[in-house]
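# Examining the three-dimensional arrangement
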Amino acid sequence: MTRSSELAQRGIGRRQLLGGCLAASSMAAVGCTARAPGTSMHSAEASTTMPRPFPSGFAWGVATSAFQIEGSLTSDGRTASIWDTYTADKAHVADRSNATVACDHYRRWEADLDLMKQLGLGSYRFSIAWPRIVPANDRRINSAGLAFYDRLVDGLVARGITPVATLFHWDLPQYLQDAGGWENRDSAGWFADYAQAVFAKLGDRVGSWATINETKIIVQMGYQQGTMAPGQRDARVSGRVMHHLNLAHGRAVQAFRASGAVGRIGPCFAVAPCYPADASVPPEVVDGIDLQENRLYLDPLLRGGYPTKLDRLDPGFVAGLNSAVRPEDAAVIAGKVDFVGLTYYSPAIVGSTGPVQRYPVASNHWQQIFPQGLYDVLTRLHREYDDPSIVVLENGVPDDSGEDPVNDQRRIEFLRSHLVAAQQAVADGARLTGYHAWSLLDNFEWAQGYTQRYGLVRVDFDTQSRTRKASAAWYAKVIAANAVTV
Ligand code: FCB
C-alpha cells in the first residue's frame, strides 16, 4: 500500500484517536487563503468586546436525530433499522447500551417542543426515521409513522419554530440493508420514493430539508473503519456506497422539485478543514486529505462532478466508485440545491506520518477544538463554491465539566468561540443564514452510547427528567440579542 493510500485509509477525520502533538508553526488551510490563523479573524476578536450582530432573520436552532432521541423503536409499526441491528450486539457500543428508550422523545415530544420555545429557538433540525415511514419490503407507506412527524411539524409551527427535516440520518431500514443497502444502485430509487411520501405529507410546512446526513461519515465509519452501522470494512464497497448516496441525494432533490413543496432543500456535509502540521508536510499530502475529507463530497454536488485526480485515494475505493458511476448520474447528483448544509466539529491536522493533535481535544477523543476552522470552511464555500446560501446544521461538543453537570462552562466557551468565527465569516462575505447547536438533549451517541453528553439540556436517563444547563440559558440570550458577545 502506498503512503497516500495508507493515509487515505486511515481516515484522518473524526472519531479517531489522535496521537502526537506538534508545536504550532506555519499553517494554511488547503483551499483557503494563505493567511495563517490569528490574522483577520483573531485581530477583529481582540479589537472589541461589543456584541457581534448576526443578520436579521438569522435562524437560531438546535439539531437532533431520530434514532438518537426517539426511543419507541417498535411503536406504531416501526421496524428495525441497521442501527437497531448494530447496537443489538452490545460489543459495538461503549457502555453496552442501546437506543430502545433514548430520550423517550417519541412520547415526550410536546414537552420537548415547549423547552425549545422557552429557549426562543427559531429553527429545529430533526430527522425522520425511514423505518417508521416505509417499514416493510412491500413499500407500503405507514400512515401511523407519518402521523408522528405531522404532529411534530404542527407543534413546531404552532410555537413559531421553523421545522428543518433531515430525510436520512443513518437509520436505514434493515430490510433494505438485506437487499444490499447503499451498495445496491436501487437504493437511490428507494430513497426517492420514501422522500416523495414525506414531501407529500409535510411539504406544505417544513421550511428546509436536508437530504442525507454526512455521507462521508457513513462511508468512512460504516464501510471503511466498520465502527458504525453497518460495520463493514471494504474499500471497494465504500466507493460504491458513496456514489449511490450521492445519487440518492440527487433523486430526492428531483422528487422535491416535482412535489410542489414550499421549502428549501440541500445536502448536509461533514466538513473538516485540513492544515499541514508543519512546513515539512508536502502540500500534495494535505491536498490528498482535503480531497478525502471535503472535495470528494462537495464537488459532485456543487461543481458537477468528482475531482478527476484521485490517485491519492485507496485504489479499492476508486475502483468501487468507478464501477458505480454511469455517465447520466453527474447531472442528477448536481441538481441545483437551495442551500449548503454543513456540520463542523474538528479540523484535520495533517502530519507527515499521519494525523496530528494540535488543539485541545474534547472528551470524545476525536474532536480538536479549533473555531477558526469554521471561519475557514464558511469563507472557502463563499470563495470556491459559488457563494452558496449556507446553514450550519450541527456544531457542538460533549460536556466534560465534571462536578456540576449542568454548569457546562466549557460548552459555552465552545459555542461562543464558534459563533464569533461564524459571525466574522458573515462579515467577510459568507452567506450564512442559520446555525444549529448539536444538540438540544443529551442523547444516544451512536457507538458511544450514553457516555457523551452533547445537550444544552441535561437528560437523566433513569427518570427522563430534563434540566436546562448553563449553556441553554446562555444560548437563549444570544438568540434574544441576535448577537454573540465576546
Ligand atoms: C455528527 C452526527 C450526530 C452526532 C454528532 C456528535 O456527526 O451527525 O448525529 O453524532 O456527530
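Now for a quick tour of the structure. Within each chain, residues carry numbers counting from 1 in the order of the written sequence. Two thresholds apply to this predicted model, a pLDDT of at least 70 for residue-level local features and 80 or more for giving and counting side-chain atom pairs, whereas whole-chain, interface and lining totals are computed over all residues. Side-chain metrics rest on all non-hydrogen atoms present in the structure, leaving aside hydrogens and water.

## Some details on the environment of Ala261
- Along the chain, the position of Ala261 falls in the loop between α11 (235-259) and β6 (264-271).
- The classification of residues rests on relative accessible area computed with a 1.4 Å probe and restricted to protein chains. Under 20% of the type maximum is buried, over 50% is exposed, and intermediate values are partly exposed. Owing to a relative accessible area of 18%, Ala261 belongs among the buried residues under this scheme.
- Spatially, the C-alpha atom of Ala261 lies 8.3 Å from that of Arg205, the residues being 56 residues apart in sequence.
- Here, residues are in contact when the closest pair of their heavy atoms is within 4.5 Å. In this structure Ala261 touches Gly203 and Phe256, once residues within four positions along its chain are discounted. Numbering of helices and strands runs from the N terminus; a helix is a DSSP stretch of H or I covering at least four residues, while a strand is a stretch of E covering at least two.

## What about the sheet that holds strand β7 (residues 274-276)?
- Whether two strands pair comes down to DSSP finding at least two bridges between them. Reading across from one edge, β7-β9-β10 is the order of the 3 strands in this open sheet, with mixed pairing throughout. This sheet does not close on itself; its edge strands, each paired only once, are β7 and β10 (354-355).
- Bridge count between strand β9 (residues 348-351) and β10: 2 bridges; the pairing is antiparallel. Directly across from Val350, in β10, lies its bridge partner Pro355.
- Packed onto the sheet, helix α12 (residues 283-302) meets β7 and β9 and runs at close to 165° relative to β7. Between N-to-C directions, angles cover 0 to 180 degrees, with each direction set by a line fitted to C-alpha atoms, over the stretch in contact for helices.

## With respect to unusual backbone geometry
- In this structure, Pro230 follows Ala229 across a cis peptide bond, with omega equal to 5°.
- Residue Ser439 follows Trp438 across a cis peptide bond; omega there is 15°.
- Position of Ser439 relative to the elements: it lies in the loop between β12 (431-438) and β13 (457-459).
- Here Ser72, not a glycine, exhibits a phi torsion of approximately 50°, which is positive.
- Here Ser72 is to be found in the loop between α3 (66-69) and α4 (82-88).
- Located in the positive-phi region is Trp170, a residue other than glycine, with phi close to 85°.
- You can see Trp170 is positioned in the loop between β4 (162-168) and α8 (174-178).

## Focus on helix α10 (residues 215-223)
- Counting buried residues along α10, 9 of its 9 residues qualify, which places the element largely inside the surrounding structure.
- Every buried residue of α10 is listed here: Thr215, Lys216, Ile217, Ile218, Val219, Gln220, Met221, Gly222 and Tyr223.

## Some words on the sheet that holds strand β8 (residues 340-344)
- Spatial strand order, β2-β3-β4-β5-β6-β8-β11-β12: 8 strands in a closed barrel with parallel pairing. Averaged over all neighbouring strand pairs, the angle between strand axes comes to 25°, with direction disregarded.
- Two strands pair when backbone bridges link them, and strand β3 (residues 123-127) and β4 are joined in this way by 5 bridges, in the parallel orientation. Among the inter-strand pairings, Arg125 is bridged to a residue of β4, identified as Val164.
- The sheet contacts of α12 involve β6 and β8, and relative to β6 the element is tilted by about 165°.

## A few points about the packing of α11 against helix α13 (residues 315-324)
- Where α11 meets α13, the axes come as close as 6 Å, and the angle between the chain directions of the two elements is 40°. If you check the angle between α11 and α13, you find them oblique. The handedness of the crossing between α11 and α13 is right-handed. On α13, the residues that touch Ala235, Arg236, Ser238, Gly239, Arg240, Met242, His243 and His244 of α11 are Gly316, Phe317, Ala319, Gly320, Leu321, Ser323 and Ala324. The cut-offs work like this: below 35 degrees is roughly parallel, past 145 is roughly antiparallel, 65 to 115 is roughly perpendicular, and the gaps in between are oblique. Note on convention: the crossing is left-handed when the near helix lies turned anticlockwise from the far helix by less than a right angle, right-handed when the turn is clockwise.

Spatial relationships are all this shows, so hold off on functional conclusions.
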